[in-house]
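# What the coordinates show
Here is how the chains run, residue by residue.
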Amino acid sequence: MPAYTLTVNGKVHRVEVAEGTSLLWVLREHLGFTGTKYGCGIALCGACVIHIDSQPVRACVLNIEAVSQNQSITTIEGLSESGDHPVQRAWIEAQAPQCGYCQSGQIMQAAALLESNPNPSRQEIKSYMSSVLCRCGTYMRILKAVELAAEQQPQKES
Amino acid sequence: MEPSNPNIDRRQFLKTSSSVALFIGASGLLPQLVSCSDQKQMATLARTESLTAWVRLSEDGEMTVYNPAAEMGQGSMTSLPLLFAEEMDADWSRVRVEFAPQEAEIYGGEGWRPGTKLMFTVGSRTTNSYYTVMRKAGAQARHVLLYSAAKHWDVPLNELTTANGVVTHAGSKRQMDYGSLVPLLELPDPLAEIEEGDLKHPKEFQLVGKVIPRTEIPAKVDGSAQFAIDIRLPDMVYGVMERGNLHGATPTLTNESEIRTMDGVLKIVTLPYAIGIIASSLEQALEAKKHLKIDWSTSAASSHNSQEVYEVYEKMASKTKPGKILIQKGDVAAAMKKASKTYTADFRNDYVCHAQMEPLNAVVQVAADLQSADVWVGSQQGPDTKLGVPTILGIPPEKVNVHLQYLGGGFGRRSMNDFVEECTLLAREVAPRPLKLMWTREDDFTYGAFRPLSLQRIEAGTDSAGRLISFSHCVVGDGGNLVASGAANDHYDIPNQLAEWREASNGIRLKHWRAVGHGPNKFAIECTIDEIAHDQGIDPVAFRRKLMSDSPRALATLEKAAELSDWNGVTLPGRAKGVAFVEHGSLGTGICEISIDRDTGVIRVHNFWIALDAGVVVHPDNVRAQMEGGILMGMSSVLKEQITIEKGRVQQKNFNTYELLRMQEIPDTIETYLIDSEMHPEGVGETATPMVACAIANAFLKLTGKPLRHMPFTPDRVLEVLNS
Ligand code: FES
Ligand code: FES
């Protein structure tokens, strides 16, 4: 079986898996980054959102061979050292999660939004976050949390 | 080593351990102190002594409280331990929470039948059924601490007070925190019984009813919260299954030899309804699944077409012979004859699917001798706390150890054990290797267990004063209580009522879906009420006000919701408000404000206001979260969700064909008012969802003069109604 090298949360990992294996299974089942979730496998639910070089991507539809060692993969486990990324703090303040299953994807999506657009309008948040499903219906609080995070993050010099 | 004598010198235990478990018998409340260095010993003791360990104390003041209920987002990891800590006067900041061992005899709440015990997180019963149990146990724990402190200081127990994890003797100005009491703990003999009257009055609550962050939320924002799907064990293999999309069909695998030679495939297992594959890795298992060539038999469902079956249901509803009587009050036939005006309408409800975000899965490890098993699962537990595993393996229940994990959504789907049983069947084949069974999202839809399709025929009559004097409600559908629940009108004063169920059978897998029959049945009831009010030119809130005259608690929710929503105020042009009342344990009135895009048929919900009477509210912020979630799940199902069946085959496979509500579609506000109450807490998880269909349809009626009577209100259906 071919071997691949990945950089996840700043560390280099080697895996042997069949060509065509989805990055989601590699992260979850082979490397143990189980914070990234499986929800649909066809890029429709966003439970598997991770960052590759700071861009939000859906691990479920990315094959292992499409990712190179030089690219930096960030999962929810690597978003912050101790769960205190502004988005994570806002999430706690808003008491956003219910079952919690979708929340890694929600948080990774929100972090990517604020990275590219530190002061999104409510409408921009809704449209950006609409690609991540939450069956428990936590959207009201997710919206609030993203707004809180936007307020709280250190204002970047432009 | 397990001690042979559970009554072994307790002081010895205490000396050798820095933490103790306080075992408290559910009957007789006989506590025991046991060192917690050995979990097994605790379990054995609990079993042999029929005592319950609710709390573990350590000398440093940390304490662990056990939660007997599943956590699927509804907040049991906080609300139940909070009740315990309240009566124990514990320092909440030092409380950790763990799932209780899955032993119903020990940790079960009151079962459906008196005298039985059940660990079963369903029907929004958790807080309701554990409210007294948890508080009594907490009070008993406090009593033991007080007793021990009194002995130690040699002062009368009744001179001691407790607060926030500290015992105080005001007279001698001495204080000791609970942790420091651990080495000094002694059991009173005989032990005082804690009666309901010994518990705090709701006015004295320090924790209950306050703003308390949920205990498990930090783990849910850093990826560390563990769901069963996240379990990885050494030497673990993977199982997947192809179950087809025709429920009840039998498979014949036609390319077995090809599949056998595929990479990683370890075994092929044939079930009466599925072909299972066991492989070394998940991707190998899924790859093999993709290549399966299966001939499927026909089944009882083969002739079922979900959109055509309504014709059959209408005919069934028209037969003169009634079905199973659910509710009978007065004489509807006689009342209808006397009525000065009569109304009849049919309401239709398509199948809906749970679509919980974590697809079904489990990990099971069967011992090499097949005589015991470990199960990791996110389950709403069940009438069988061991989830069917003992029966499959032919072993006693105590040989099965269930490790409950967080649930990535339940909504009723995880109160069914099919996936745990499947996992056990596969794991037995590879014992002692652990096996993770994964359902794909496609499996979840095509082999789902749906809220049944149903038809509600309502016939109602009013007298010359416009008073509703007769209400008959005929439910046609499959699944007994799955379609029949929620047909009662206990809070409306209607002198003659009849509710009956006529059974259909279509061979489709069915299951409780959040609020069960309440969704469809309240839809029919609440919309009929508005249609009558509309016809008679009466305001829907005023109409309900009269009907609720004998139900002050229900009426209070109506008045409050009307106030919150400024019911009588002016609405923006193009908008209208609709109201609905629902009882599901708790009582709630919901009012929504909508507008309609008349070109596309899209209904937009702008605001939702809820007034809820849930008795004592243990965890208010969480109740609000349940209202928000309940409304959004309701909107999703009412506006979008639909499983259709053609020739028995489920047509939806994934979120592209079964769309859920997305953030773009949420209302601007969902506002919840919690009515102050000292009554016993009632469930809140299923009260909001059934409000949605009725409130939206009633607003639609106000806006357009036309009724919506078929769920979901998809744009094409809305356009059809608008153009009719
Ligand atoms: S699992 Fe990747 S988007 Fe759903
Ligand atoms: S919190 Fe349960 S799916 Fe989002």
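It should be emphasised that the depicted structure is a prediction, and the values quoted were computed from it without experimental measurement.

### Considerations on the domain arrangement of chain B
Residues and elements named next belong to chain B. Here chain B is described as being made up of domain 1 (10-208), domain 2 (228-299 + 360-438) and domain 3 (309-352 + 450-722). Each partner contributes to the interface: domain 1 provides 16 residues, whereas domain 2 provides 17 residues. Between domain 1 and domain 2, a total of about 1300 Å² is buried, with carbon and sulfur atoms accounting for 60% of that surface. The interface formed by domain 1 and domain 2 contains zero salt bridges. At the junction of domain 1 with domain 2, the criterion picks out three residue pairs in polar contact (both at pLDDT 80 or more). Per-class residue counts for the side of domain 1 that touches domain 2 are eleven nonpolar, two polar and three charged.

### So, the sheet that holds strand E30 (residues 669-674) of chain B
Residues and elements named next belong to chain B. Spatially, E25-E26-E27-E30 is the arrangement adopted by the four strands of the open sheet, whose pairing is mixed. Looking at the sheet topology across the chains shown, the edges are occupied by strand E25 (575-584) and E30. Each strand of the sheet is rotated relative to its neighbour by a mean of 20°, with strand direction disregarded. Bridge count for strand E26 (residues 586-597) against strand E27 (residues 602-613) is eleven bridges, and the pairing is antiparallel. When the sheet's bridge partners are listed, Thr589 is paired in E27 with Ala611.

### With respect to the environment of Val476(B)
Residue and element names in this part refer to chain B. Within the secondary structure layout, Val476 lies in strand E23 (residues 468-477). Put simply, Val476 and Tyr66 are 410 residues apart on the chain and 43 Å apart in space, counted from C-alpha to C-alpha. Once residues within four sequence positions are removed from consideration, Val476 is found in contact with Tyr313, Met316, Ala317, Leu453, Ser454, Leu455 and Arg502.

### Here we look at the packing of helix H19 (residues 620-639) of chain B against helix H20 (residues 689-704) of chain B
If you want to describe how two helices pack, look at the angle between their axes and the distance between the axes. Residue and element names in this part refer to chain B. Where H19 meets H20, the closest approach of the two axes is 7 Å, and the angle between their N-to-C directions is 50°. What the angle tells us is that H19 and H20 run oblique. Between H19 and H20 lies a crossing whose hand is right-handed. Two secondary-structure elements touch here, H19 through Gly630, Ile631, Gly634, Met635, Val638 and Leu639 and H20 through Thr689, Met691, Val692, Ala693 and Ile696. When its residues are assigned to classes, the contact of H19 with H20 shows eight nonpolar, three polar and no charged.

### Side note on the packing of helix H16 (residues 518-535) of chain B against H20(B)
Residue and element names in this part refer to chain B. Running from N to C, H16 and H20 cross one another at 25°; their axes reach a closest spacing of 8 Å. In this view, H16 runs roughly parallel relative to H20, as classed from their interaxial angle. In this structure, H16 crosses over H20, and the sense of that crossing is right-handed. Here His518, Gly519, Lys522, Phe523, Glu526, Cys527, Asp530, Glu531 and His534 of H16 come into contact with H20, specifically with Pro690, Ala693, Cys694, Ala697, Asn698 and Leu701. Here the residues of the contact of H16 with H20 sort into seven nonpolar, four polar and four charged.

Quick notes on the rules
Residues numbered from 1 in each chain as written. Chains lettered and ligands numbered in written order. Predicted model: local features only at pLDDT ≥ 70, side-chain atom pairs only at ≥ 80, totals over all residues. Heavy atoms only, no water. Domains from an automatic or database assignment. Contact = heavy atoms within 4.5 Å. Buried area = accessible area lost by both parts, 1.4 Å probe. Salt bridge = Lys/Arg side-chain N within 4 Å of Asp/Glu carboxyl O. Polar contact = N/O pair within 3.5 Å; in protein donor to acceptor, adjacent residues only side chain to side chain. Nonpolar A, V, L, I, M, F, W, Y, C, P; charged D, E, K, R; others polar. Pairing = 2+ DSSP bridges. Helix = DSSP H or I, 4+ residues; strand = E, 2+ residues; numbered from the N terminus. Axes fitted to C-alpha atoms, helices over the stretch in contact; angles between N-to-C directions. Parallel < 35°, antiparallel > 145°, perpendicular 65-115°, else oblique. Left-handed = near helix turned anticlockwise from the far one by under 90°.

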